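# Close look at the chain arrangement
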Amino acid sequence: MGGKLFSRRQFVAGVAVLGGSLALTACGANPKTESTASSGGDSGSEAKQTDIVVVGSGLAGSACARAAALGGANVILVDKAPFYMSTFLTSLGNVSIAQVPENKEFWVFEDGEADTMEAFTERYKNMTEIGKIDAPYPDYERMQHMMEESCETINWVNELGIGFKESFTKEQVGTDTVKPDAPADPSIKAGQDVADAFQAELENLGVEIMLSTEATKLIQDGETIVGITVKDGKKEQDIMAKAVVLAVGGFGGSDEYRDELVPAINKVGFQYLGNAMNTGDGMTMAKEIGAAVYDDCWVIPNVIMPTRTLTEAEPGFAKLCDTGMEGAATSAKMLIDASGKRFVNEAGPVTALATSMTDNAAGPYYVLFDSSNADVAALIEKGIDTGDVFKAESIEELATAAGTALLAETFATYQAAAEAGSDAEFNKKADMLVPYGEGPYYLVAFVPSFVATMGGVRTNGECQAIRDDETAIEGLYAIGECTHRFMYNRSFVRHCSNSSALTMGRLTGTALAEA
């Protein structure tokens with residue numbers, strides 16, 4: 001097994017401090033521009049031989065490796081990270097499931113009204129079509145297949161000794177959801193427990209795990225993929241296989257791909273909170289051998305948060321959000337555009353906030369704070385000199401300072417709505433209409449954040465990579481975030497990415513072992 005640059009525990013601590021995105025030694029932020037296709041035989045070490053090589057040790061790659069090994073296949077798992085399952089270590093492990101009559105034998109819990117796939121799909125549609133664009137996604141047939149298999153997938157993961165329990169019901173978030181039991185050690189995230197269990201299982205099954213090893217080239221024999229070239233430091237080596245499975249994550253860590261595929265990310269200033277090593281490697285390699293990639297990509301939003309200028313000046317600014325410090329929740333405050341107008345229900349789904357901020361193109365956007373919480377005000381004061389925070393004793397003075405001409409009018413309307421408990425403009429619920437207190441007042445520049453991307457390598461229903469003419473590329477498969485665009489339209493559905501990653505991995509690995 002490849003060496004580790006630093007410990008998994010150190011990585012988790014680093015992510016907690018830096019807000020989720022951690023660049024690692026020797027991991028570039030941009031996709032490679034040189035050719036990644038190869039005819040093989042030009043590497044510096046003797047080639048390895050295996051049945052299946054899986055690139056990426058996240059949920060999808062790990063599930064695929066396990067399923068294939070359980071089916072009797074020889075498997076090599078490679079990952080450019082210096083430790084296993086880096087993309088999941090800080091996760092709480094929530095996984096969406098569809099508990100429908102078709103999979104009753106695998107139900108994880110029973111709660112609330114009985115569900116059907118028709119009802120599940122209707123709820124799913126309502127969620128993923130927030131801010132809908134004209135695209136042929138979701139592929140509802142494929143989505144339904146993933147979710148019908150979800151309960152069996154959880155039972156399959158349970159075999160590793162990972163107990164799952166109910167976390168949300170369909171009445172709460174639209175899909176029934178489970179999460180791993182909390183680790184006995186409170187300093188360990190559930191994701192780290194899952195990683196430990198999967199890694200132990202793969203090692204027990206004889207899967208060779210090559211860490212700090214970057215896949216760089218797909219190897220072709222005619223039009224068939226027969227292996228991959230990997231690099232460990234300066235040393236290259238070919239791994240010849242009957243099938244190559246790309247499970248390398250999305251493109252959120254690549255400036256170049258963000259500009260090319262979702263220009264709004266950099267234009268609006270989205271903060272990326274995902275794994276910095278997710279730089280679109282799967283697309284880069286697959287495009288070079290003629291694979292089709294999605295051209296209508298998007299992101300999976302997280303909270304709205306202060307700009308990168310502010311979080312770089314003071315990391316504590318990352319706590320000014322709905323999941324941060326007490327008194328900082330943006331859902332109970334005003335979010336305004338550059339003119340000073342509200343434009344969305346601040347307590348609505350984060351996907352609605354992100355799409356509205358993008359589509360309106362009326363930034364910079366600001367959240368209004370008062371001085372009622374001393375800790376919040378003290379933190380905001382640290383950003384005064386950045387240019388992304390404005391302060392004044394009155395709302396009228398603040399509007400002048402920030403150039404938000406309509407702020408005073410918007411503020412008066414909002415205060416009246418809060419006192420009446422009714423928001424006629426955006427239907428914000430009464431309990432979230434919190435009236436503002438005394439000044440000084442602050443406008444803090446805010447942007448959407450995101451944790452993952454929708455896009456990558458196009459695949460068919462068997463997760464085979466396809467060409468533009470939709471013919472399958474023999475020997476090449478893609479699973480997980482690097483291909484899950486087919487699951488969503490504009491908005492993701494909570495925790496379904498973890499679910500589809502595990503299921504794609506399980507089904508693909510099983511099928512390849514049986515081939």
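The structure under discussion appears in the preceding block.
Because the structure is a prediction, the values reported are computed rather than measured.

Next up on the list: the state of the cysteines. One pass over the structure, following the stated rule, counts zero disulfides. Of the cysteine sulfurs around C297, a residue in no disulfide, the closest is that of C482, at 12 Å. Owing to a relative accessible area of 8%, C297 belongs among the buried residues under this scheme.

Its location among the elements puts S394 in the loop between β17 (389–392) and α14 (395–402). For the pair S394 and E438, spaced 44 residues apart in the sequence, the C-alpha separation amounts to 8.7 Å. Looking at S394, its side chain comes within polar contact range of the main-chain nitrogen of E397, at 3.1 Å.

Taken as a whole and assessed by the stated rule, the structure comprises 11 aromatic pairs. Each ring, one from F270 and one from W298, has its centre 6.1 Å from the other, and the planes form 80°; the classification is edge-to-face. In this pair, F270 sits in the loop between α9 (263–268) and β13 (271–272) while W298 sits in strand β14 (residues 298–306), placing the two residues 28 residues apart along the sequence. The burial state of F270 is the same as that of W298; both residues are buried. For the pair Y272 and F450, a centre-to-centre distance of 4.9 Å together with 35° between the ring planes defines the contact as tilted. Placement of the pair is Y272 in strand β13 and F450 in strand β18 (residues 441–454), with a sequence separation of 178 residues.

The full count for this structure, using the stated rule, is three cavities of 30 Å³ or more. Here the second largest cavity is characterised by a volume of approximately 50 Å³. Lining of the second largest cavity is provided by L59, F88, G93, V95, V157, F164, P180, V194, F198 and L502. When grouped by side-chain class, the residues that make up the lining of the second largest cavity number nine nonpolar, one polar and no charged.

With respect to topology, three strands assemble into an open sheet ordered β5-β7-β6, the strand pairing being antiparallel. This sheet does not close on itself; its edge strands, each paired only once, are β5 (95–97) and β6 (164–168). Within this sheet the neighbouring strands show an average axis-to-axis angle of 45°, counted without direction. One ladder, built from three bridges, connects β5 with strand β7 (residues 176–180); its direction is antiparallel. If you follow S96 over to β7, its bridge partner there is T177. Taken strand by strand, helix α5 (residues 150–158) contacts β5, β6 and β7, and its axis lies near 135° from that of β5.

Compared with the 20 Å implied by 1.5 Å per residue over 14 residues, the 20 Å span of helix α15 (residues 407–420) between its first and last C-alpha is a close match. Within the span of α15, buried status applies to L407, T410, F411, Y414, Q415, A417 and A418. The arc enclosing the buried residues of α15, seen along the axis, measures out at 160°, which places them on a common side. Relative to its buried face, α15 has exposed residues pointing more than 90 degrees away, namely E409, E419 and A420. Among the structural elements, β15 (335–336), β16 (365–369), α14 and β18 are those in contact with the buried residues of α15. Looking one or two residues past α15, G421 carries a phi angle of roughly 75°, positive in sign.

What follows deals with unusual backbone geometry. Negative phi values dominate among residues other than glycine, just as trans dominates among peptide bonds. Of the consecutive residues Y137 and P138, the connecting peptide bond is found in the cis state with omega at 0°. Tracing the backbone shows P138 in the loop between α3 (117–128) and α4 (140–148). Geometrically, the link from G363 to P364 is a cis peptide bond, its omega value of 5° lying close to zero. You can see P364 is positioned in the loop between α12 (350–360) and β16.

What follows concerns the pairing of β18. For β18, the buried fraction is high: 13 of the 14 residues fall into the buried class. Relative to β18, β13 is paired through two bridges, and the arrangement is parallel. Within β18, the position partnered with Y272 by the bridge is F450. As paired elements, β14 and β18 share seven bridges and run antiparallel to each other. Across the sheet, the residue bridging to M305 is V447, located in β18. One ladder, built from five bridges, connects β16 with β18; its direction is antiparallel. Bridge pairing in β18 places V367 opposite V444. Sheet topology note: the β17/β18 ladder contains four bridges and is antiparallel.

Cut-off values and rules
- Residues numbered from 1 in each chain as written.
- Predicted model: local features only at pLDDT ≥ 70, side-chain atom pairs only at ≥ 80, totals over all residues.
- Heavy atoms only, no water.
- Disulfide = S-S within 2.5 Å.
- Buried < 20%, exposed > 50% of the residue type's maximum accessible area, 1.4 Å probe, protein only.
- Helix = DSSP H or I, 4+ residues; strand = E, 2+ residues; numbered from the N terminus.
- Polar contact = N/O pair within 3.5 Å; in protein donor to acceptor, adjacent residues only side chain to side chain.
- Phe/Tyr/Trp six-rings, centres within 6.5 Å; stacked < 30°, edge-to-face > 60°.
- 1 Å grid on protein atoms, 1.4 Å probe; cavity = no way out; pocket = protein on both sides within 12 Å on 5 of 7 lines; lining within 4 Å.
- Points joined across faces, edges and corners; volume = space filled by probe spheres on them.
- Nonpolar A, V, L, I, M, F, W, Y, C, P; charged D, E, K, R; others polar.
- Pairing = 2+ DSSP bridges.
- Axes fitted to C-alpha atoms, helices over the stretch in contact; angles between N-to-C directions.
- Contact = heavy atoms within 4.5 Å.
- Expected span 1.5 Å × (residues − 1).
- Arc of directions from axis to C-beta.

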